[in-house]
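This is what each chain is made of:
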Amino acid sequence: MHKTITVTLLASLLMGASAMAEEVNVYSSRHYDTDDAFFAAFTDATGIAVNRIEDDADVLIERIRSEGELGAADVFITVDVGRIARADEAGIFQPLEIEAVEEKVAENLRTDDWTAFSTRARLIFIDKADVSDPPQTYADLADPKYKGMVCTRSSSNVYMQSLLASIIVNEGEDAARAWAEGVMANLARDPEGGDTDQLRGIVSGECDIALANHYYFARGLAGEVSGLTEGIDGIGIVWPNQETNGTHVNISAIGVTKNAPNPENARKLVKFTLTPEAQHLLASGNNEYPVVEGIEPSEAAVTMGSFTADTVPLGDVAAASTAAQKIYNEVGYK
Ligand SMILES: [Fe+2]
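The rules behind these values
- Sequence positions are assigned chain by chain, starting from 1 and proceeding in written order.
- Local features in a predicted model are, by the rule used here, given only for residues with pLDDT of at least 70; side-chain atom pairs are given and counted only at 80 or more, and totals for whole chains, interfaces and linings are based on all residues.
- Hydrogens and waters are ignored; side-chain quantities use all the structure's heavy atoms.
- The numbering of helices and of strands both runs from the N terminus, where a helix is a DSSP run of H or I of at least 4 residues and a strand a run of E of at least 2.
- Per-residue accessibility, obtained with a 1.4 Å probe over protein chains only, is compared with the maximum for each type, and a residue is labelled buried under 20%, exposed over 50%, and partly exposed between these values.
- Counting of polar contacts relies on pairs of N or O atoms within 3.5 Å, with two restrictions inside protein: one atom must be capable of donating a hydrogen and the other of accepting it, and residues adjacent in sequence are counted only when both atoms are side-chain atoms.
- Paired strands, in this sense, are two strands between which DSSP finds at least two bridges.
- Whether two residues are in contact is decided by their heavy atoms: any pair within 4.5 Å suffices.
- Metal donors were taken as nitrogen, oxygen and sulfur atoms no farther than 2.8 Å from the ion, or 3.2 Å where the ion is Na, K or Ca. Water is excluded, so coordination may look unfinished.
- For the purposes of this section, nonpolar cores are sets of buried Ala, Val, Leu, Ile, Met, Phe, Trp, Tyr and Cys residues that join through side-chain atoms within 4.5 Å.
- An automatic or database domain assignment is the source of the domain bounds shown.
- Here the quantity called buried area is the total loss of accessible area, with a 1.4 Å probe, experienced by two parts when brought into contact, counted for both.
- A pair is scored as a salt bridge if a Lys or Arg side-chain nitrogen falls within 4 Å of a carboxyl oxygen belonging to Asp or Glu.
- Note on residue classes: Ala, Val, Leu, Ile, Met, Phe, Trp, Tyr, Cys and Pro are nonpolar, Asp, Glu, Lys and Arg are charged, and everything else, Gly too, is polar.
- The axes used here are C-alpha line fits, helices contributing only the stretch in contact, and every angle between their N-to-C directions lies in the interval 0 to 180 degrees.
- The cut-offs work like this: below 35 degrees is roughly parallel, past 145 is roughly antiparallel, 65 to 115 is roughly perpendicular, and the gaps in between are oblique.
- Throughout, a crossing is termed right-handed when the near helix is turned clockwise from the far one, and left-handed when it is turned anticlockwise from it by less than a right angle.

1. Let's talk about the side chain of threonine 247
Topologically, threonine 247 is positioned in the loop between strand 8 (235-238) and strand 9 (249-256). When its relative accessible area of 0% is taken as the criterion, threonine 247 is described as buried. Only 2.7 Å separates the side chain of threonine 247 from the backbone oxygen of proline 240, close enough to count as a polar contact.

2. Description of the pairing of strand 4 (residues 75-79)
Of all five residues in strand 4, five are buried; the element is thus mostly enclosed. What you see with strand 4 is no split at all: Val75, Ile77 and Val79 on one side and Phe76 and Thr78 on the other are buried throughout. Sheet analysis places strand 2 (residues 23-28) next to strand 4, joined by three bridges and oriented parallel. Residue pairing across strands places valine 26 opposite valine 75, the latter belonging to strand 4. Pairing geometry for strand 4 and strand 9, over five bridges, is antiparallel. Looking at strand 9, one finds that isoleucine 77 is bridged to isoleucine 254.

3. Notes on the environment of aspartate 310
As for its placement among the helices and strands, aspartate 310 is situated in the loop between helix 12 (299-303) and helix 13 (314-319). Expressed as a C-alpha distance, the spacing of aspartate 310 and valine 150, which sit 160 residues apart in the sequence, is 23 Å. With residues near it in sequence (within four places) discarded, aspartate 310 still touches Asn108, Asn170, Asn245, Gly246, Thr247, His248 and Val249. Of the polar contacts made by the side chain of aspartate 310, one reaches the side chain of asparagine 245; its length is 3.2 Å.

4. Points about the side chain of serine 162
If you trace the backbone, serine 162 turns up in helix 6 (residues 158-171). Serine 162 sits in the buried class, given a relative accessible area of 1%. Sequence-distant contacts of serine 162, defined by excluding residues within four places in its chain, comprise Asp80, Val81, Gly82, His248, Asn250 and Val317.

5. Regarding the coordination of the iron ion
Here the iron ion is held by Tyr159 (OH), Tyr215 (OH) and Tyr216 (OH), and the distances to it run 2.0 Å. All donors of the iron ion come from a single chain, and their spacing in sequence reads Y-x55-Y-Y. Tyrosine 216 carries the same exposure label as tyrosine 215, and that label is buried.

6. Things to note about the nonpolar core
Phe76, Leu164, Trp179, Ile209 and Ile251 are the most contacted members of the largest nonpolar core, which totals 81 residues. Per-element accounting of this core gives the leading share, six residues, to helix 6. Of the residues that make up this core, three or more belong to each of domain 1 (6-118 + 250-303) and domain 2 (122-247 + 314-331). With near-sequence residues (within four places) excluded, isoleucine 209 lies in contact with Ile124, Phe125, Ile126, Val131, Pro135, Leu141, Tyr146, Met149, Val150 and Cys151. Within the second largest apolar cluster, 27 residues are counted, among which are Cys207, Ala210, Ala300 and Met304.

7. Quick look at the domain arrangement of the protein chain
Domain boundaries assigned for the protein chain yield domain 1 (6-118 + 250-303) and domain 2 (122-247 + 314-331). A C-alpha centroid distance of 29 Å is found between domain 1 and domain 2. Opposite the 20 residues of domain 1 that make contact, domain 2 presents 14 residues. Approximately 1,400 Å² of surface area, both sides summed, lies buried where domain 1 meets domain 2, with 62% of it carried by carbon and sulfur atoms. Run the count over domain 1 and domain 2 and you get zero salt bridges. Residue assignment for the side of domain 1 that touches domain 2 shows that the elements contributing at least two residues are helix 4 (81-89), strand 9 and helix 12. Sorting elements by how many residues they give to the side of domain 1 that touches domain 2 places helix 4 first, with four residues. Broken down by class, the residue content of the side of domain 1 that touches domain 2 amounts to ten nonpolar, seven polar and three charged.

8. Structural notes on the packing of helix 3 (residues 57-67) against helix 4
Orientation of helix 3 relative to helix 4, taken along the N-to-C sense of each, is 15°, at an axis distance of 10 Å. Taken as axis vectors, helix 3 and helix 4 run roughly parallel relative to one another. The hand of the helix 3/helix 4 crossing is right-handed. Contact residues: Ala57, Asp58 and Ile61 in helix 3; Arg83, Arg86 and Ala87 in helix 4.

9. Details of the pattern of salt bridges
Here the structure, examined in full by the defined rule, presents 18 salt bridges. Among the salt bridges present, the one from arginine 30 reaches glutamate 288, with a minimum N-O distance of 2.7 Å. In this pair, arginine 30 sits in the loop between strand 2 and helix 2 (35-46) while glutamate 288 sits in the loop between helix 11 (276-284) and strand 10 (289-290), placing the two residues 258 residues apart along the sequence. Under the relative-accessibility criterion, glutamate 288 is labelled buried at 0%. When the shortest N-O distance is used, the salt bridge between arginine 189 and glutamate 192 registers 3.8 Å. In this structure glutamate 192 comes out as partly exposed when scored by relative accessible area, which is 43%. Residues participating in the shared-partner salt-bridge network are Arg30, Asp35, Arg120 and Glu288.

Set out below in structure tokens:
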């Protein structure tokens, strides 16, 4: 969905349009309603008004890049390391240089130019009634014994690219190519739809095994998701690669733009993402995992269980995403 909204919060109204008013301009491709509460909390805590523009990540990156020194953006927020790394490659960031980030965020979840503020895991889901011998690893999804059973979304999707990129980093390009070929040969249907649709495919009986980010399942647990919640008891969860390198995790992330007109306010916002209050709002609203230790995820996320996460540096994963897309194209993965 393409939408552009500008939200000027109460503080800016109270302060009027005076040149003294403190503000920060946020360009975000996150589309979760709960982010509104996060920005309101930031304004409450700091008095800094938040002006927000939402659109697709690539649209925002191009806008920030083309606006150059005349640009209004102070920070860019997006989901998936593939996208935050694309922004970095476009040269739109300045180094973060924020001590709190270095203290609170694990090294594999940040670079000099951007940091994660929440994480998400990519899981294998199964039809408990039909899969007696579930795959335990991503590699297992390519096992011929699962022929005609597996559902995924399209390889043009950044979640699919980052997963394959993580396989490239962990196991090399040959293993990644074999994986893509093997999974493609096991597909129950042509890749289609989003992550929720893969889970719905299990409920409808079209898919026995599906790949999806954990929070789509959590959403079905916590509320009413049509086509999913009514059959969610029949879906089993597999945390992949628990005996080896851990489950692939990805991130929601933030960076300060190179030409930020309000760089100090931008850094205050980045720091604020790591406060307990903000961690709770940013992570639990979408059932993601906080990056700061000691903060509980949402009830639905906790219900799904705990796991060992892959700690491969996500900057390396992003760097392998072009190679991942090339492999998908070469093997003909739709
Ligand atoms: Fe998502």
